[in-house]
Amino acid sequence: MKQMSLGSTGFERKTKRTRKREFLDEMSLVVPWSELVALVTPHAPARSAKGGRPPFPVETMLRIHFLQHWFNLSDPAMEEALYDTPMFREFAGLDMGEDHLPDESTILRFRHLLEAHHLSVQILATVNATLTAKGLLLKQGTVVDATLIAAPSSTKNQDGERDPEMHQTKKGNQWHFGMKAHAGVDADSGLVHSVATTAANAHDVTQAHALLHGEETDVFADSGYRGVDKREEIQAQHPDVNWHIAMMPGKRKAMDKSTPMGAVLEKLEQTKARIRAKVEHPFRVIKRQFGFVKVKYRGLAKNTANLVTLFALSNLWMVRKRLLNMGAQG
């Protein structure tokens, strides 16, 4: 990346290394930039033969795109952050001494380019290929689950209606409007390898077939997936998988755990629950670490691209310490 000018950084004395700077320094080291730049470059606009201002480097725009995901920033907010936050400019390789910084339209066009070529899925695949090569992503078992992502339910917008691709569903005694993010997670590491999205009212079991990579022998799921092994698409695509479905809560509560058989079954349920807990880790990262608790766009396609990229970044964040240790030892 390009060296920052003294005018950009200033001479101010810094006595504290903030968590945000620590985070960006770590992610700058663990993201496989060269592979991702090679992925995007064939689709990026080239400099016009008629001259004019050259486009920003692909790595710069990719870094800005990831900053949006990490800090949950809209296109206009990202433009303002580049002007207001020297640390963001430094991470993106930008200098305030330049004639201009990427504006919200430039940031928007880059996001649309990634969406048009379905590059978010390839970004996840590229990240996972790197993690697999380092022995951090195994493929013997998968955990499947889904989480609700809220969408604005207000009709005070240009169309005067809610997003038609989002729906409401009842969970417990509460109604939710939005979408569902379905994820297939490595049972050993908790890293996401498959993602699907639906409206919130779609049943979890309908997407189970899309969350398996095909090399696993065992799949773990909660009681909402009971009967999944009898579904036509599962029998056609994944006939040899062993499904480990949680017992219904009412049945488990009524079970006599004082008997030898009851004690064994309870121990088995506890073991399955510990494995299933791995799927909650990436959900927590995108919602709590990256702040993604509500959809940013209308429609499933744009939000799916956003989610897939978030899960790719969450994978890197979850194993960043191990990657940094590997780099230090290498």
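Above this text you will find the structure in question.
Just so we're clear, the structure is a prediction, and the values are computed from it rather than from any experiment.

(A) Structural context of helix α3 (residues 33–40). Within α3, burial applies to W33, L36, V37, L39 and V40. The arc enclosing the buried residues of α3, seen along the axis, measures out at 155°, which places them on a common side. On its buried face, α3 is in contact with α2 (19–30), α4 (58–71), α6 (86–92), α7 (104–116) and α8 (119–133).

(B) The arrangement of the nonpolar core in detail. Ranked by internal contacts, the top residues of the largest apolar core, which has 71 residues, are F66, W70, M78, L131 and F290. It is helix α13 (residues 300–318) that contributes the most residues to this core, nine residues altogether. If near-sequence neighbours (up to four positions away) are discounted, F290 is found in contact with F23, H69, W70, N72, V285, L310, L313, S314 and W317.

(C) Here's a closer look at the pairing of strand β1 (residues 141–150). Buried residues dominate β1, accounting for nine of its ten residues. Sheet analysis places β1 next to strand β3 (residues 174–186), joined by nine bridges and oriented antiparallel. In the strand pairing of β3, T142 is matched with D186.

(D) Up close: the pairing of β3. The buried count for β3 comes to ten of 13 residues, which makes it a mostly enclosed element. Pairing between strand β2 (residues 167–171) and β3: five bridges, direction antiparallel. Paired with Q168 across the two strands is F177, which belongs to β3. Between β2 and β3, which pair antiparallel and follow one another directly, the connecting turn spans two residues, one of which, G172, has a positive phi of 70°. Here seven bridges tie β3 to strand β4 (residues 192–199), and the two strands are oriented antiparallel to one another. By the bridge assignment for β4, A183 is matched with V195.

(E) Highlighting the pattern of salt bridges. For the structure shown, the criterion picks out 13 salt bridges. In this structure, R111 engages D75 in a salt bridge whose closest nitrogen and oxygen atoms are separated by 2.8 Å. Separated by 36 residues along the polypeptide, R111 in helix α7 and D75 in helix α5 (residues 75–84) bring together distant segments of the chain. Of the two residues examined, R111 and D75, each falls in the buried class. Taken together, the salt bridges that share partners define one network made up of R17, E22 and D25.

The rules we used
- Residues numbered from 1 in each chain as written.
- Predicted model: local features only at pLDDT ≥ 70, side-chain atom pairs only at ≥ 80, totals over all residues.
- Heavy atoms only, no water.
- Buried < 20%, exposed > 50% of the residue type's maximum accessible area, 1.4 Å probe, protein only.
- Helix = DSSP H or I, 4+ residues; strand = E, 2+ residues; numbered from the N terminus.
- Arc of directions from axis to C-beta.
- Contact = heavy atoms within 4.5 Å.
- Core = buried A, V, L, I, M, F, W, Y, C linked by side-chain atoms within 4.5 Å.
- Pairing = 2+ DSSP bridges.
- Salt bridge = Lys/Arg side-chain N within 4 Å of Asp/Glu carboxyl O.

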